[in-house]
Protein chains: 2
Amino acid sequence: MSKATVSFVINDRPGVSPQARRRVLEAIDQLGWQPNAGARALSTKRSQTLGLVMRRPPELLSTDPFFPQFVAGIETGLAPLGYALVLQVVPDEETERQAYERLARDGRVDGVFLTDLRTDDPRPALMTELGISALIVGPPHHGGRVPALGVDDGSGVRRAVSHLRSLGHRWIGHVCGAAGYVHTEARCDAWRGALADAGLPEIPPVAADFTGAAGAQATHRLLDLDRPPTAIVYANDLMAIAGITAATSRGLRVPEDLSVVGFDDIPLADCIAPPLTTVRQDVLTWGRIAAQALVSLTEGGKFQAAELPPVEFVVRASTAPPRT
Amino acid sequence: MSKATVSFVINDRPGVSPQARRRVLEAIDQLGWQPNAGARALSTKRSQTLGLVMRRPPELLSTDPFFPQFVAGIETGLAPLGYALVLQVVPDEETERQAYERLARDGRVDGVFLTDLRTDDPRPALMTELGISALIVGPPHHGGRVPALGVDDGSGVRRAVSHLRSLGHRWIGHVCGAAGYVHTEARCDAWRGALADAGLPEIPPVAADFTGAAGAQATHRLLDLDRPPTAIVYANDLMAIAGITAATSRGLRVPEDLSVVGFDDIPLADCIAPPLTTVRQDVLTWGRIAAQALVSLTEGGKFQAAELPPVEFVVRASTAPPRT
DNA sequence: TTGTAAGCGTTATCAA
DNA sequence: TTGATAACGCTTACAA
């Protein structure tokens, strides 16, 4: 038995006799042998590892429902393919760049996921410069040729608007996410489009940074208007819940005096009073499909935009017809 | 310049003249060369990579405040040391074992973190069998010789009990975590001890699985007692918030009729009404120190129990003196 | 102080 | 269909 034969067998390639194959497999079984990933990587120049760098402000880390679910989804996509995921969480842009550079230069990863793309994000260019495959998770990056895979952010806000409109609301506020992110822009655009399509007047969206404090503050801003909205759509559940508390503290009742729609459907959305009407994305599936797409990219395959499950609109008790 | 010299320089080892060192560094700088992690791993048989396998029920993934913070903490400990983290999220025990075995056999990691240890957990034995270093994150495992690093779980519950007692509560209920986990046991023991020390009578703790639904159900169980408690301490914030909602739905007011204490201090704890009194752990620091400890273990160092920051007790508005 | 050469555990190339 | 043998990019004796 030569090493070559064994190599052929475990990568089940043609050109080895059935009996030799059987003997190799038996021997492997007896010895409990497993191929060494590092050595293989050295030989093939492929590490069978993908990288995920998450840049998150520490105060948002434990709230963000996206991160853990997405990671779990990636895992379900990667495990059957024998790929591993190396993960890095960084606090700022500088550390973020270093993280990508190290991952690439060390040869630790074959490709990386790019999340939370910012407008004028340097990462797509950096990736082509470093020569590693990348997949944008979210709305496509303008002008770059890095492929992107994201759910249709717009459909969620459109669903929210049409739901509120059907309840009779005509004066709807929006607390959108932090400025500078591609997905925030995409959702804001969708927001304006949805209002226009529905023939509703627009209250300028108030930007907030996804934290509870910002959500509460934005809520007060909207309720302080000369003509306050009868419903508010928030960019995430955390801000929506903080918004409910803020509204309640002003003596308003939700949903009687103010309807509230969240985004994400965190497990808590169901546990508060009133239970939150919100938009749910299947982040787990998103992660799985993203993982498969990125693997196929690193293996030289073409990127094919796979179908992601559409967002779901979950109607609970935080929305009701407006007071007239 | 020979490869050996270069190798000596980048690992800054003695035995190379200052001028040779300078020339090597210059060349490295000019060529933008970086050592390849895989090749180095093959040679040294050390991957400079640590593994974290998280077994989590999918429905808890996006709520668990521990996971993302701990990962971020690990990262801050690992990055300066040039180590990477490979992460795996698995749904059940079988997949969990496979994950550890693959990580070890592939030679992908030098050591792993063991979280959420269960009573009679097979993992400590598996780790010694696989011959890879491991560090238990949480209370120590009975009888094993795998080192453990955890905050004193007891002090949180003791603080909660003494806070409630000082407010005048004498009949305090407890919704503890899922049975079968070492940390649940540890906290339950601490709970009984704290009550005994305070000379308070014990209501049997109700076990719940950390979900909001379970928290609500446990709350109803306690409030259905012939003599319901005037205060309840929960094993996590999610259950506490669900508990508040459950109590409110029965016409009780929090904190006037029922005081509530949570555990974790998730960002939402501050955004609901009433803001939640809770126990905060510095999970970020915990992760950092755990990472450093595990690296030192894999490099053959002795394990030295580092000091973790003590838990903090955060008093907000969900606790008040009992009605008399 | 430096260079040479032998591994590390795979895959890939070629003769046999 | 097989078995040598050379990479892959590093570390580490050991010799110069």
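Quantities reported herein were computed from a predicted structural model and do not represent experimental measurements.

1. Regarding the overall build of chain A
When helices and strands are counted, chain A shows 12 helices and 11 strands. Per-residue burial over chain A gives 55% buried out of 324 residues. Contacts spanning at least 24 positions in sequence make up 71% of the contacts within chain A whose residues lie at least 6 apart. In the form shown here, chain A has an accessible surface area of approximately 14000 Å², with 51% of it arising from carbon and sulfur atoms. Charge centroids of chain A, computed over 32 positive and 36 negative side chains, lie 5 Å from each other.

2. Notes on the sheet that holds strand β7 (residues 206-207) of chain B
Residues and elements named next belong to chain B. Spatial ordering of the open sheet is given by β7-β6-β8-β9, a layout of four strands whose pairing is parallel. In this open sheet, the two strands that pair with only one neighbour each are β7 and β9 (259-261). Pairing analysis gives three bridges linking strand β8 (residues 231-234) to β9, with the strands arranged parallel. Within β9, the residue paired with A231 across the bridge is S259. Where helix α9 (residues 182-198) meets the sheet, its contacts fall on β6 (172-176) and β8, and the angle it forms with β6 comes to roughly 170°.

3. Some points on the protein's contact with DNA strand D
In the vicinity of DNA strand D, 25 residues are found, and the nearest of them are S17 and K45 of chain A together with K3, S7 and R13 of chain B. For DNA strand D, the backbone portion of the atoms within 4 Å of the protein, that is sugar and phosphate, comes to 65%. Taking S7 of chain B, its side chain carries an N or O atom lying 2.7 Å from a phosphate oxygen of DNA strand D. The side chain of S43 of chain B places a nitrogen or oxygen atom 2.9 Å from a sugar or linking oxygen of DNA strand D.

4. Overview of the interface of chain A and chain B
For an interface, size is often stated in terms of accessible area lost upon the parts coming together. On the side of chain B, 47 residues touch chain A, which itself brings 46 residues to the contact. It is S62, R108 and L268 of chain A that lose the most area in chain A upon contact with chain B, and together they represent 14% of the buried surface on that side. The interface formed by chain A and chain B contains zero salt bridges. Applying the counting rule to chain A against chain B returns 14 residue pairs in polar contact (both at pLDDT 80 or more). Among the secondary structure elements, those contributing two or more residues to the side of chain A that touches chain B are α3 (37-44), α4 (58-61), α5 (66-78), β2 (84-90), α6 (93-105) and α11 (237-249) of chain A. In terms of residue class, the side of chain A that touches chain B is made up of 27 nonpolar, 13 polar and six charged.

5. As for the protein's contact with DNA strand C
Around DNA strand C there are 25 residues in total, and K3, S7, R13 and S43 of chain A together with S17 of chain B lie nearest to it. Counting only atoms of DNA strand C within 4 Å of the protein, the fraction found in sugar and phosphate groups is 63%. At a separation of 2.8 Å, a base oxygen of DNA strand C approaches a polar side-chain atom of K3 of chain A. At 3.4 Å from a phosphate oxygen of DNA strand C is found a side-chain nitrogen or oxygen belonging to W33 of chain A. Listed by contribution, the elements that provide at least two residues to the surface near DNA strand C are α1 (3-10) and α3 of chain A together with α1 (3-10) and α3 (37-44) of chain B. Here the surface near DNA strand C is composed, by residue class, of 10 nonpolar, 11 polar and four charged.

6. A word on the packing of aromatic side chains
All names here are of chain A. The full count for this structure, using the stated rule, is nine aromatic pairs over all chains. On the numbers, 5.5 Å between centres and 75° between planes, the contact of F66 with W286 is edge-to-face. With F66 in helix α5 and W286 in helix α12 (residues 283-298), this residue pair connects regions lying 220 residues apart in the sequence. Classification of F66 as buried rests on a relative accessible area of 17%. Counting every residue linked through ring pairs, the aromatic cluster contains F66, F70, F113 and W286.

7. Some points on the pairing of β6 of chain B
Side chains on a regular strand alternate between the two faces of the sheet. Residue and element names in this part refer to chain B. Where burial is concerned, most of β6 is hidden: five out of the five residues are buried. The alternating pattern of β6 places I172, H174 and C176 on one face and G173 and V175 on the opposite face, and all of these are buried. Relative to β8, β6 runs parallel, the two being bridged by four bridges. Considered in β8, the bridge of G173 is made with I232. In this sheet, β7 lies alongside β6 in parallel orientation, the contact comprising two bridges. Note that in β7 the partner of V175 across the bridge is V206. Note on the crossover from β6 through α9 to β7: the handedness is right-handed.

8. Some remarks on the pairing of strand β4 (residues 133-137) of chain B
All names here are of chain B. With four of its five residues buried, β4 lies for the most part within the structure. Since strand β3 (residues 111-115) and β4 lie parallel, the crossover through helix α7 (residues 123-130) that links them has a hand, and here it is right-handed. Where β4 meets strand β5 (residues 148-149), two bridges bridge the pair, whose relative direction is parallel. Bridged to V137 within β5 is L149.

9. So, the environment of S2 of chain B
Here S2 of chain B lies in the segment before α1. C-alpha separation for the pair S2 of chain B and V24 of chain B, spaced 22 residues apart in sequence, amounts to 9.9 Å.

10. A short note on unusual backbone geometry
If a residue is not glycine, its phi is most likely negative; likewise, a peptide bond is most likely trans. All names here are of chain A. In this model, V254 is joined to P255 through a cis peptide bond whose omega is 10°. Look at the link from A273 to P274: it is a cis peptide, with omega at -10°. Although it is not a glycine, D120 adopts a positive phi angle of roughly 60°.

11. Notes on the domain arrangement of chain A
Segmentation of chain A into domains returns domain 1 (3-35), domain 2 (49-151 + 283-299) and domain 3 (153-281). Computed over C-alpha atoms only, the centres of domain 1 of chain A and domain 2 of chain A are separated by 35 Å.

12. Concerning the UniProt feature "domain: HTH lacI-type" (unreviewed entry) in chain A
In the numbering used here, UniProt assigns the feature "domain: HTH lacI-type" (unreviewed entry) to residues 1-44 of chain A. In the segment residues 1-44 of chain A, helix accounts for 68% and strand for 0%; the C-alpha atoms at its two ends are 22 Å apart.

13. Details of the sheet that holds strand β7 (residues 206-207) of chain A
All names here are of chain A. As summarised here, the arrangement of the four strands in space is β7-β6-β8-β9, forming an open sheet in which the pairing is parallel. Of all the strands in the sheet, the pair left with one neighbour each is β7 and β9 (259-261). With respect to the sheet, helix α9 (residues 182-198) is in contact with β6 (172-176) and β8 (231-234), its orientation differing from that of β6 by roughly 170°.

Cut-offs used in this document
- Residues numbered from 1 in each chain as written.
- Chains lettered and ligands numbered in written order.
- Predicted model: local features only at pLDDT ≥ 70, side-chain atom pairs only at ≥ 80, totals over all residues.
- Heavy atoms only, no water.
- Helix = DSSP H or I, 4+ residues; strand = E, 2+ residues; numbered from the N terminus.
- Buried < 20%, exposed > 50% of the residue type's maximum accessible area, 1.4 Å probe, protein only.
- Contact = heavy atoms within 4.5 Å.
- Areas by Shrake-Rupley, 256 points an atom, 1.4 Å probe, with all protein chains shown as cover.
- Lys, Arg positive; Asp, Glu negative; His and termini not counted.
- Charge placed at Lys NZ, Arg CZ, Asp CG, Glu CD.
- Pairing = 2+ DSSP bridges.
- Axes fitted to C-alpha atoms, helices over the stretch in contact; angles between N-to-C directions.
- Near = heavy atom within 4 Å.
- Polar contact = N/O pair within 3.5 Å; in protein donor to acceptor, adjacent residues only side chain to side chain.
- Buried area = accessible area lost by both parts, 1.4 Å probe.
- Salt bridge = Lys/Arg side-chain N within 4 Å of Asp/Glu carboxyl O.
- Nonpolar A, V, L, I, M, F, W, Y, C, P; charged D, E, K, R; others polar.
- Phe/Tyr/Trp six-rings, centres within 6.5 Å; stacked < 30°, edge-to-face > 60°.
- Right-handed = clockwise from strand over helix to strand, strands pointing away.
- Domains from an automatic or database assignment.
- UniProt positions renumbered as here; feature names shortened; annotations may be inferred.

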